[in-house]
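What follows is each chain in one-letter form.
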Amino acid sequence: MSFDELERRVHEELQRLPSPLAPDTLVPRVLAAVEAWASRPWYARAWFTWPLGWQIASVIALGLAVYGTWNLPPLPASVVATTNAGGVIWRTLIEPLLGYVVGLVVLMCFACALFGAALNYLFLERTASR
């Protein structure tokens, strides 16, 4: 028996089987999940479905946060010194190695892609061509 004949016979046998039926509890569970999703509180839904007053309040709060961020008072001297020290550490220790780290990450990405392609060729394409 050739592969094509076997495939045709298996196909015919599978066509004779009855279609699988969903369990009787599926429809009530789906309807309960839909009801639970629809009855969520307003703050758990998309922003565009919030009540208009809360939408306006959230836009005002966002505006105040942005305004406050750009109009902060001057930082204390201790914060400025710490920030400057962090900048020095960044420029002396991390920045010189950053190119090598990015190169290594890109090389690892290419290696993973090559490994995945090799596994795909070895296992999936060979079984599909049989």
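Note that the structure is a prediction, hence the values are computed from the model and not measured.

## Re the pattern of salt bridges
Logical step 1: What the rule picks out here adds up to one salt bridge.
Logical step 2: Here Glu 13 makes a salt bridge to Arg 16, at a shortest N to O gap of 3.5 Å. With a gap of three residues between them, Glu 13 and Arg 16 both fall in helix H1 (residues 3-16), about one helical turn apart.
Logical step 3: By relative accessible area, Glu 13 is classed as partly exposed at 37%.

## A look at the side chain of Gln 55
Logical step 1: Position of Gln 55 among the secondary structure elements: in helix H3 (residues 52-70).
Logical step 2: We classify Gln 55 as buried; its relative accessible area is 13%.
Logical step 3: Of note is the side chain of Gln 55, whose polar atom sits 2.8 Å from the backbone oxygen of Trp 47.
Logical step 4: At 3.1 Å, the side chain of Gln 55 and the backbone oxygen of Phe 48 are in polar contact.
Logical step 5: Setting aside anything within four residues of it in sequence, one finds Gln 55 in contact with Trp 47, Phe 48, Thr 49 and Trp 50.

## Some details on the confidence of the model for the chain
Logical step 1: Residue-level pLDDT values for the chain average 90, and 96% of them are 70 or greater.
Logical step 2: The spread of mean pLDDT over the elements of the chain runs between helix H4 (residues 77-128), the lowest at 89, and H3, the highest at 95.

## A few points about a nonpolar patch on the surface
Logical step 1: A cluster of nonpolar side chains, namely Ile 89, Trp 90, Leu 93, Ile 94, Leu 98, Val 102, Val 106 and Phe 110, defines an oily patch on the protein surface of about 750 Å² accessible area.
Logical step 2: Residue classification places Val 102 among the partly exposed positions, given a relative accessible area of 47%.

## A word on the packing of aromatic side chains
Logical step 1: Per the counting criterion, the structure on display carries four aromatic pairs.
Logical step 2: Both rings, one in Trp 42 and one in Trp 54, keep their centres 4.9 Å apart while their planes meet at 20°; by these two values the pair is stacked. Placement of the pair is Trp 42 in the loop between helix H2 (26-38) and H3 and Trp 54 in helix H3, with a sequence separation of 12 residues.
Logical step 3: Looking at Trp 42, the relative accessible area reads 30%, which means it is partly exposed.
Logical step 4: Accessibility expressed as a relative area gives 47% for Trp 54, which makes it partly exposed.
Logical step 5: Residue placement shows Arg 40 over the ring face of Trp 37; its charged tip is 3.8 Å from the ring centre.

Scoring rules and cut-offs
- Residues numbered from 1 in each chain as written.
- Predicted model: local features only at pLDDT ≥ 70, side-chain atom pairs only at ≥ 80, totals over all residues.
- Heavy atoms only, no water.
- Salt bridge = Lys/Arg side-chain N within 4 Å of Asp/Glu carboxyl O.
- Helix = DSSP H or I, 4+ residues; strand = E, 2+ residues; numbered from the N terminus.
- Buried < 20%, exposed > 50% of the residue type's maximum accessible area, 1.4 Å probe, protein only.
- Polar contact = N/O pair within 3.5 Å; in protein donor to acceptor, adjacent residues only side chain to side chain.
- Contact = heavy atoms within 4.5 Å.
- pLDDT = per-residue confidence, 0-100.
- Patch = residues over 30% accessible without salt bridge, like charges linked within 9 Å, V, L, I, M, F, W, Y side chains within 5 Å.
- Areas by Shrake-Rupley, 256 points an atom, 1.4 Å probe, with all protein chains shown as cover.
- Phe/Tyr/Trp six-rings, centres within 6.5 Å; stacked < 30°, edge-to-face > 60°.
- Lys NZ or Arg CZ within 6 Å of the ring centre and 35° of its normal.

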